[in-house]
Amino acid sequence: MLTCAAGTGVSSCNPIPGSVLVAGDCDDNNLAINPGATEVCNGIDDDCDGLADDGLTFVTYYADADADTYGNAAVSQSTCNGAPVGYVIDATDCNDANAAINPSANEVCDGIDNDCDGSTDEGLTFLTYYVDADNDGYGDASATGVSSCNPIVGSVTNNGDCNDNNAAINPAALEVCNGIDDNCNGLSDDGLTFVTYYADADADTYGNALVSQSTCNGAPVGYVIDATDCNDANAAVNPAATEVCNGIDDDCDGSTDEGLTFLTYYVDADNDSYGDASATGVSSCNPIVGSVTNNGDCNDANAAINPSATEVCDGIDNNCNGSTDEGLTFLTYYVDADVDGYGDASATGVSSCNPIVGSVTNNGDCSDNNAAVNPAALEVCNGIDDDCNGLSDDGLTFVTYYADADGDTYGDALASQSTCNGAPVGYVIDATDCNDANASVNPGATEVCNGIDDDCDGSTDEGLTFLTYYVDADGDGYGDASATGVSSCNPIVGSVTNNGDCNDAAPLINPGATEQCNGVDDNCDGLIDNGVVFSTWYADADGDTYGNAAVSQSACSQPVGYVLDATDCNDANAAVNPVASEVCNGIDDDCDGLTDDADPSISGQSTWYADADGDTYGNAASSVLACNMPVGYVADATDCNDANAAVNPGATEVCNGIDDDCDGSTDEGLVFLTYYVDADVDGFGAGTGVSSCNPIPGSVLVVTVTITTLLLTQVQLKFVTVSMMTVTVFLMTVLLS
């Protein structure tokens, strides 16, 4: 029997407390592990025979991800202590992601192998389906059928529909008169009765035998059963019509205007009911418009001339009897050019049976160009013989009148006329006007201030009040204090009677004005801006509406570039003022006396991470917000051990049981060897080896084997695993025994 030594034995003639005579324990720190223990399923060499879980029954289990009690043959675990969680003994599931798919499932029509037998949709009934686009229960006869174990929406199992776009057309439909094969038997309108109908274009119920249609559903619109109309474009022409005088066969009997009375008609061009005597008559069964049945008119161009007309004085044969103006009275007429009822005494008379326009039957007018001059006129003062008695202005009185050129009823003594018919236009009986060119100047006028003798008494502007006027250039009602006054009895345009204006070029500046804040003596009291409220204004050089307390002006109105506020702490930067947001820039942005991190209202800070070990890598669990990197902090947050400067993402992994490079693994990439305890420091180890990437003090790479029996079989030796040096030691021990 080959036994692994546990430590170095101590030779003694007395029992040693805590020691035994057997040296085969492979884990002297675990009471349940020793050569006499029973191997149990735990992955440990319980009986120190060099094998873990030997002699136990291992069973293979398969992953059951969908929990349908059927496992996935591709995912398995072999264990000696029953099925792991999520594993089963079965390995026949063909889809472990779907609990509805397993060997005990029923096959359903879905294109999937539901029962894991390698076939899809087996044992199901498949039918051929055809598209039924018009949803009439019959599939498209021209469509390709689709085999399916499930009904297909919009498809049916028959394909007899000859028009799958019309639900009214299918094998079960009744044939109707529409020119369509309604029942899909290959024939249109079969089994129906057809009748011939004739076009009735004029809608008189009589049809045109030359235009017909044969139909199975009654007369088409505009067609009738009759075919005897001889003119289907005229509803008044048909076999039932009455013959009228129109040159047409109205009753379709083959004759025109038959049985009607015909008369001879003569043109009556002037519509006086007498036809033209020179015209040829026309025979007609209808009266002819513009014609009559007699022809006695001697002038058919004049309705006033015909056999029944009365003869009038016009030099025409009005009654068509061959004579002109017969039986009428003739008088002698003289021209009356001025239409005063008296003819021209010098004119020659004209005989006429009609009054002559512009002429009369007497000739006593001595001036036929003037209607006011004739034998019946009254003599008036005009230098003319008005009554044609051979004398002018005879029997009239003459008076002297004076020119009144300005129409003020006072005449100019130097301009006069003597007349017999009253004052001439522009003349009056008075002769006392001293200025006949001005209607305001006359003996009856009132003296006014104008530098003129208005009342013709020889004096100018007498009895009027004179005032002194001063120029008011700005029109504010106050005269220029520096101007010279002008005396006048009339107001002077642009001048007033006071001279208190201290600035006659500005209408807002005068003694009645209110003093304004403008640096001007507005009310002319000799003081500037007196009585106006003054405020202190502060320079706002950066235009942010906050002023500089160090630069101010006292003024009664806001100077350009100044404001009432004095709280700006930097008037050269518009971004710095009391309402600005504090940001990381080394400036007191909001003028509260605090800058950057010192200001609780700061925004835009960066996150910095503690670097306690000074390796330039920070601790993600320890951070601060700050504008600038504080001492002992960095921007990086990837250090996994901030207490050891040798541990960080930039470090090289070394054999120390530590994750030196912070990648989540320890001692990765290093060479590991198995070391055994060498308690007696003889260069050979014993017990269970320990894997390490560093030499272990008190341990070596060689294990000692004690031979208790020399008769080792080949089968026994194959279970002992040793290094090449161990094999050498074993052989030497055998030879020396």
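Side note on the overall build of the protein
Step number 1: Counting its regular elements, the protein contains 2 helices and 32 strands.
Step number 2: Taken over C-alpha atoms, the radius of gyration comes to 73 Å for the protein, far larger than the 27 Å a tight globule of 737 residues would show.
Step number 3: With the C-alpha coordinates aligned to their principal axes, the bounding extent of the protein is approximately 210 × 125 × 30 Å.
Step number 4: Burial statistics for the protein: of 737 residues in total, 31% are counted as buried.

With respect to unusual backbone geometry
Step number 1: The backbone phi angle of C48 is positive, close to 55°, even though this residue is not glycine.
Step number 2: Here C48 is to be found in the loop between β1 (2–3) and β2 (59–63).
Step number 3: Take C48: its relative accessible area is 12%, and that puts it in the buried class.
Step number 4: Phi angles above zero are rare outside glycine, and A67 is one such case at about 55°.
Step number 5: One can find A67 in the loop between β2 and β3 (72–79).
Step number 6: Here A67 falls in the exposed class, since its relative accessible area comes to 62%.

Structural notes on a nonpolar patch on the surface
Step number 1: On the surface, V671, L673 and L701 cluster together into a nonpolar patch covering about 280 Å² of accessible area.
Step number 2: Relative accessible area serves as the criterion here: at 64%, V671 is assigned to the exposed category.

Side note on the pairing of strand β17 (residues 399–403)
Step number 1: With 5 bridges joining them, β17 and strand β18 (residues 412–419) adopt antiparallel strand pairing. When the bridges of β18 are listed, Y401 appears paired with Q417.

A short note on the confidence of the model for the protein
It should be kept in mind that the predicted coordinates are not to be read in detail where pLDDT is low.
Step number 1: Summing up the model confidence of the protein, the mean pLDDT is 88 and the portion of residues at 70 or higher is 94%.
Step number 2: Here residues 1–5 is modelled with pLDDT under 50, and outside its nearest four sequence neighbours on either side it reaches 17 contacts, counting other chains as well.
Step number 3: Long-range and interchain partners of residues 704–737, a stretch whose pLDDT sits below 50, account for 26 contacts in this model, where long-range means more than four residues apart.

Notes on the sheet that holds strand β31 (residues 699–700)
In a beta sheet, neighbouring strands are held together by backbone hydrogen bonds and run either parallel or antiparallel to one another.
Step number 1: Taken in spatial order, the 3 strands of this open sheet run β30-β29-β31, and their pairing is antiparallel. The sheet is open, and its two borders are formed by β30 (686–692) and β31, each paired with just one other strand.
Step number 2: The pairing of strand β29 (residues 673–677) with β30 spans 4 bridges and is antiparallel. From the neighbouring strand, T674 faces β30, where its bridge partner is S691.

What to know about the sheet that holds strand β23 (residues 535–539)
Step number 1: Read across the sheet, 3 strands follow the order β24-β23-β25 without closing on themselves; strand pairing throughout is antiparallel. Edge strands, defined here as strands with exactly one partner in the open sheet, are β24 (548–555) and β25 (562–563).
Step number 2: Pairing of β23 with β25 involves 2 bridges; the strand directions are antiparallel. Each bridged residue has a counterpart across the sheet, and for Y538 the counterpart in β25 is V563.

As for the state of the cysteines
Step number 1: Evaluation of the coordinates by the stated rule reveals 20 disulfides.
Step number 2: Covalently, C26 is tied to C48 through a disulfide, its sulfur atoms 2.0 Å apart. An S-S torsion of about -85° defines the bridge between C26 and C48 as left-handed. Residue C26 is located in the loop between β1 and β2, and its partner C48 is located in the loop between β1 and β2; the two are separated by 22 residues in the primary sequence.

Regarding the environment of D571
Step number 1: One can find D571 in the loop between β25 and β26 (606–610).
Step number 2: Along the backbone, D571 and L31 are 540 residues apart, and their C-alpha atoms lie at a distance of 86 Å.
Step number 3: Among all residues touching D571, those that are not within four sequence positions of it are A539, D540, A541, D542, D544, Y546 and N548.
Step number 4: Here A541 takes part through its backbone nitrogen, which lies 2.5 Å from a polar atom of the side chain of D571.

Focus: the side chain of D660
Step number 1: Examined against the element boundaries, D660 turns out to sit in the loop between β28 (633–634) and β29.
Step number 2: Taking relative accessible area as the criterion, D660 reaches 3% and is therefore assigned buried.
Step number 3: Reaching out from D660, the side chain makes a polar contact with the side chain of N656 at a distance of 2.7 Å.

Conventions adopted
- Residues numbered from 1 in each chain as written.
- Predicted model: local features only at pLDDT ≥ 70, side-chain atom pairs only at ≥ 80, totals over all residues.
- Heavy atoms only, no water.
- Helix = DSSP H or I, 4+ residues; strand = E, 2+ residues; numbered from the N terminus.
- Rg over C-alpha atoms; globule rule 2.2 N^0.38 Å.
- Buried < 20%, exposed > 50% of the residue type's maximum accessible area, 1.4 Å probe, protein only.
- Patch = residues over 30% accessible without salt bridge, like charges linked within 9 Å, V, L, I, M, F, W, Y side chains within 5 Å.
- Areas by Shrake-Rupley, 256 points an atom, 1.4 Å probe, with all protein chains shown as cover.
- Salt bridge = Lys/Arg side-chain N within 4 Å of Asp/Glu carboxyl O.
- Pairing = 2+ DSSP bridges.
- pLDDT = per-residue confidence, 0-100.
- Contact = heavy atoms within 4.5 Å.
- Disulfide = S-S within 2.5 Å.
- Polar contact = N/O pair within 3.5 Å; in protein donor to acceptor, adjacent residues only side chain to side chain.

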